[in-house]
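# Notes for the structure review
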Amino acid sequence: MNTPTMTLYGTPTSGHAHRVELLLRMLELPYAYVEAPAPVRRTAEFRKLNPLGQIPVLTDGELVLCDSNAIMVYLVKRYAPDSGWLPAEPVAAAQVQRWLAIAAGELRYGPAAARMALQWGMPEDPVRAAEIADRLLRFMDAHLTGRSFLAAEQATLADLACYAYVAHAPEGGISLAPFPQVRAWLARVEALPRFKAMPALPLKVGV
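Report follows, based on the coordinates.

Rules used throughout
- Residues numbered from 1 in each chain as written.
- Predicted model: local features only at pLDDT ≥ 70, side-chain atom pairs only at ≥ 80, totals over all residues.
- Heavy atoms only, no water.
- Helix = DSSP H or I, 4+ residues; strand = E, 2+ residues; numbered from the N terminus.
- Buried < 20%, exposed > 50% of the residue type's maximum accessible area, 1.4 Å probe, protein only.
- Contact = heavy atoms within 4.5 Å.
- Core = buried A, V, L, I, M, F, W, Y, C linked by side-chain atoms within 4.5 Å.
- Polar contact = N/O pair within 3.5 Å; in protein donor to acceptor, adjacent residues only side chain to side chain.

### A word on the environment of Pro56
- Mapping Pro56 onto the fold places it in the loop between helix 3 (44-49) and strand 3 (57-60).
- Accessibility expressed as a relative area gives 2% for Pro56, which makes it buried.
- In sequence terms Pro56 and Met198 are 142 residues apart; their C-alpha atoms lie 15 Å from each other.
- Once residues lying within four places of it in the same chain are set aside, the contact partners of Pro56 are Leu8, Tyr9, His16, Ala17, Val20, Leu65, Cys66, Asp67, Ser68 and Ile71.

Now the structure itself:
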């Protein structure tokens, strides 16, 4: 691979960083990876990159981008505009945007929040998170009936954005057993070329 001009700041267990890393790999774009755990994110140096102290952050030369979904849109538009990851067809494009919104909404406040509460004791409401996760997974399971991917006939940014926190929902005490269509979809994402799994965390009981 060529010498990377891009650097991704994240942590191995961040689903937000993982979705960007997946896209970088699938587009075969060279990049450097810098781990940015909480102490790093509190430093003045990191806050120059993202004043909100959040990951992921992507630098591409002099350009600094924050927010995982925004980064993914940039990467496709800049490096792979005809790849299908962000369809140009209006309905498919709208469907991708819908799932990016779900990734930032129901997915973040459902499965992701449950995982943060159980794994790291973060100040999330686990009962509310479980309720949101259940509604979301039921919706996804019905939506995926007769479909291979979330927004189009092929994988798109929608699938990468939603994959990690759904796949790792059991780490937040959320069972995927009742959702066969969701589990089949996860397997299809995992079968994509150059897929890389996010490290698993231990399963815990109770909150």
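### Notes on the nonpolar core
- Ranked by size, the top nonpolar core spans 59 residues in total, and within it Leu23, Leu75, Trp85, Leu157, Val166, Val182 and Trp185 carry the most contacts.
- Of all elements in the fold, only strand 1 (6-10), helix 1 (15-26), helix 4 (68-79), helix 5 (90-104), helix 6 (106-120), helix 7 (126-143), helix 8 (157-167) and helix 9 (180-190) reach the threshold of two or more residues within this core.
- When residues of this core are assigned to their parent elements, the largest contribution, nine residues, is made by helix 8.
- With residues up to four places along the chain from it excluded, the contact list for Val166 reads Leu107, Leu137, Met140, Leu176, Val182, Trp185 and Leu186.

### Quick word on the environment of Arg183
- Inspection of the secondary structure puts Arg183 in helix 9.
- By relative accessible area, Arg183 is classed as partly exposed at 39%.
- Distance in space between the C-alpha atoms of Arg183 and Thr59 is 34 Å, their sequence separation being 124 residues.
- In contact with Arg183, other than residues within four places in its own chain, are Leu176 and Ala177.
- A distance of 3.0 Å separates the side chain of Arg183 from the backbone oxygen of Leu176, its partner in a polar contact.

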